[in-house]
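# Results of the structural survey
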Amino acid sequence: MAQRPNIIFIVADDLGFADLGCYGGRDAQFGKVSPVIDGLAANGLKFSDGYSNSPVCSPTRFGLMTARYQYRLRGAAEEPINSKAKTSTTLGLPPSHPTLPSLLKEQGYRTALIGKWHLGYPPAFGPLRSGYDEFFGPMAGGVDYFTHCASTGDHDLWVGEETQPHEGYLTDLISRKSVDFIERMSASPDQPFFLSMHYTAPHWPWETREDHALAQDIKDNIFHLQGGNIHTYHRMIHHMDEGIGWVVDALKKSGQLDNTLIVFTSDNGGERFSDNWPLVGGKMDLTEGGIRVPWIAHWPQGIAQPGRTTAQHCMTMDWSATLVELGGGQAHADYPFDGVSLLPVLTSSDACFERPMYWRMNHRSQRALRAGDWKYLRVDGNDYLFNIAQDARERANLAKQEPTRLANMKAQWETWQASMPPIPEDATISLGFSVKDMPQR
Ligand SMILES: [Ca+2]
């Protein structure tokens, strides 16, 4: 086998299904929103039916780190982990658990997380305790782009296990630190690297690179319910896209682009300014808009027939399993993967396999199963059945037309549910806003 590829795994925060041009997103007032990412898709592989492990931040990140259903870990029952976790010794990713970076590190990869962690705080938890050699970024669920303070007002930009002040717009800091990492790694090209780039963009607060003055106005409530618009939102995505362009340039310059796998996705469906067309729902929902997200892979030396789109079903933890396999590793015997490797789909242009996927949410007692063209969905005690291949918008409920199929899928979901720990009694749900702040559809 040739030299194992470098891996760069890019996660946007709350980016919706159709926010990118290559997923049908509209242009901004200033032009193309995501030309660099669109270019990666055009020269790589795009997934039409890829999902996140959860419709909310930290649960998806547990799935990403462990390659297992996040429901297996107590911390992942928080929807999402909030600031009260700061002193907790249970609400985080246990350092004893094997992770995507730790399994790659065992195979000789140099590992870094540049960007958001959101899986618990030191001293109980932290990226350096879970397989990363280096960490630069926030630990909280949301921080201001300029002050780098969390919603509590605490400064939350860390280098390793210490907070450190840095000047600048967070999206750009993440991009520049990533370029710096790539340049440093290129000094020893025989040893591959795994870089996690976890942008906070385009998550609230609604600040572009020019909006530093705004940071002072909203410092008491960075949920920023009185601000933002689609123009600001487009610009925030564009800043991230530019930064990914800097990373691609750094890879080209150091001769590493051809043998680097770049994966791009979002941690959950879009939030209030997002475009999720044609899907309904968004962050916190198990309708498609909450969980179907962009998945793009770019790897000139590895992807068969670049430029294609695949209908392969996948979710976040499948990518973790894929990357571990690609790096030559495997699951720890005590922590077998729930994720399924997608490597055949990358390296062969006609590979496609059955991949039933399960979700559950404490919020609104939601449950979902996507199996083939079909989806079983429960929200607020109501059961629905949709043919997603025909009706991704989930408006044509076929529950009455196909009662046997509904019953079978419901039973299948319940069998899966019985294999998972129950939702803990003390699990919390944190919503950033309600119908009092803005009207619901
Ligand atoms: Ca998120």
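Please read all numbers here as calculations on a predicted model, not as lab measurements. (Residues numbered from 1 in each chain as written. Predicted model: local features only at pLDDT ≥ 70, side-chain atom pairs only at ≥ 80, totals over all residues.)

Attention now goes to the overall build of the protein. Helix and strand counts for the protein come out as ten helices and 14 strands. In terms of C-alpha radius of gyration, the protein reaches 20 Å, essentially the compact-globule figure of 22 Å for 441 residues. Across the 441 residues of the protein, 53% fall into the buried class. In the protein, 66% of the contacts between residues at least 6 apart in sequence involve partners at least 24 apart. (Helix = DSSP H or I, 4+ residues; strand = E, 2+ residues; numbered from the N terminus. Rg over C-alpha atoms; globule rule 2.2 N^0.38 Å. Buried ≥ 20, exposed ≤ 12 C-beta atoms within 10 Å, placed from the backbone. Contact = placed C-beta atoms within 7 Å.)

If you check which residues of helix α1 (residues 35-42) are buried, you get I37, L40 and A41. Taken end-on, α1 shows its buried residues confined to a sector of 100°, consistent with a single buried face. Next to the buried residues of α1 lie β2 (45-47), α6 (230-253), β8 (260-266) and β9 (295-298). (Arc of directions from axis to C-beta.)

Here the focus is the environment of V293. Tracing the chain through its elements places V293 in the loop between α7 (288-291) and β9. Given 31 C-beta atoms within 10 Å, V293 falls into the buried group. For the pair V293 and G50, spaced 243 residues apart in sequence, the C-alpha separation works out to 6.0 Å. If sequence neighbours within four positions are ignored, V293 has contacts with F17, G50, Y51, S52, T265, S266 and G269.

As a further point, take the packing of helix α4 (residues 170-185) against α6. The geometry of α4 relative to α6 is characterised by a closest axis approach of 9 Å and an angle of 10° between their N-to-C directions. Considering their axes alone, α4 and α6 lie roughly parallel with respect to each other. Here T171, D172, I174, S175, S178, V179, I182 and E183 of α4 lie close against α6, whose contacting residues are H239, M240, G243, W246, V247, A250 and L251. Its residues assigned to classes, the contact of α4 with α6 comprises eight nonpolar, five polar and two charged. (Axes fitted to C-alpha atoms, helices over the stretch in contact; angles between N-to-C directions. Parallel < 35°, antiparallel > 145°, perpendicular 65-115°, else oblique. Nonpolar A, V, L, I, M, F, W, Y, C, P; charged D, E, K, R; others polar.)

Let's shift gears to the domain arrangement of the protein. What the domain assignment lists for the protein is domain 1 (6-355) and domain 2 (363-418). Here the residues of the side of domain 1 that touches domain 2 sort into five nonpolar, two polar and three charged. (Domains from an automatic or database assignment.)

Okay, unusual backbone geometry next. Residue P122 is joined to P123 through a cis peptide bond whose omega torsion reads 10°. Along the chain, P123 turns up in the loop between β3 (110-115) and β4 (134-137). That bond from A201 to P202 is cis: its omega, -5°, falls within 30 degrees of zero. Positionally, P202 belongs in the loop between β7 (193-198) and α5 (212-217). Even without a glycine there, the phi angle at A67 is positive, about 60°.

Before going further, it helps to examine the packing of α1 against α6. Here α1 crosses α6 at 55°, and the two axes come no closer than 7 Å. Our classification of the angle between α1 and α6 gives oblique. In this structure, α1 contributes P35, V36 and I37 to the contact, and α6 contributes D241, I244, G245 and V248. Counted by class, the contact of α1 with α6 contains five nonpolar, one polar and one charged residues.

With antiparallel pairing, four strands are arranged side by side in an open sheet as β11-β12-β13-β14. Either end of the sheet is taken by a strand with one partner, and the two such strands are β11 (357-361) and β14 (382-387). Adjacent strand axes in the sheet meet at a mean angle of 10° when their direction is disregarded. Pairing analysis gives five bridges linking strand β12 (residues 366-371) to strand β13 (residues 374-379), with the strands arranged antiparallel. (Pairing = 2+ DSSP bridges.)

The next thing to look at is the nonpolar core. Core analysis: the biggest nonpolar cluster contains 118 residues, and I8, I10, L100, I114, L195, V263 and A297 have the highest contact counts within it. Here this core gets nine residues from one element, more than from any other, and that element is α6. Lining this core are residues from two domains, each supplying at least three of them: domain 1 (6-355) and domain 2 (363-418). (Core = buried A, V, L, I, M, F, W, Y, C linked by C-beta atoms within 7 Å.)

Another aspect to go through is the sheet that holds β2. With mixed pairing, ten strands are arranged side by side in an open sheet as β6-β5-β4-β3-β7-β1-β8-β9-β2-β10. The open sheet is flanked by β6 (162-163) and β10 (308-310), the only strands paired with a single partner. Of the strand pairs in this sheet, β8 and β9 are connected by four bridges, and their pairing is antiparallel. By the bridge assignment, I262 is partnered in β9 with H298. Along the sheet, α1 contacts β2, β8 and β9; its crossing angle with β9, the most-contacted strand, is approximately 70°.

Turning to its location among the elements, H155 is positioned in the loop between β4 and β5 (158-159). Measuring from C-alpha to C-alpha, the distance between H155 and F337 comes to 35 Å, with 182 residues separating the pair along the chain. Those residues within four positions of H155 in sequence are excluded, and the remaining contacts are H148, C149 and T163.

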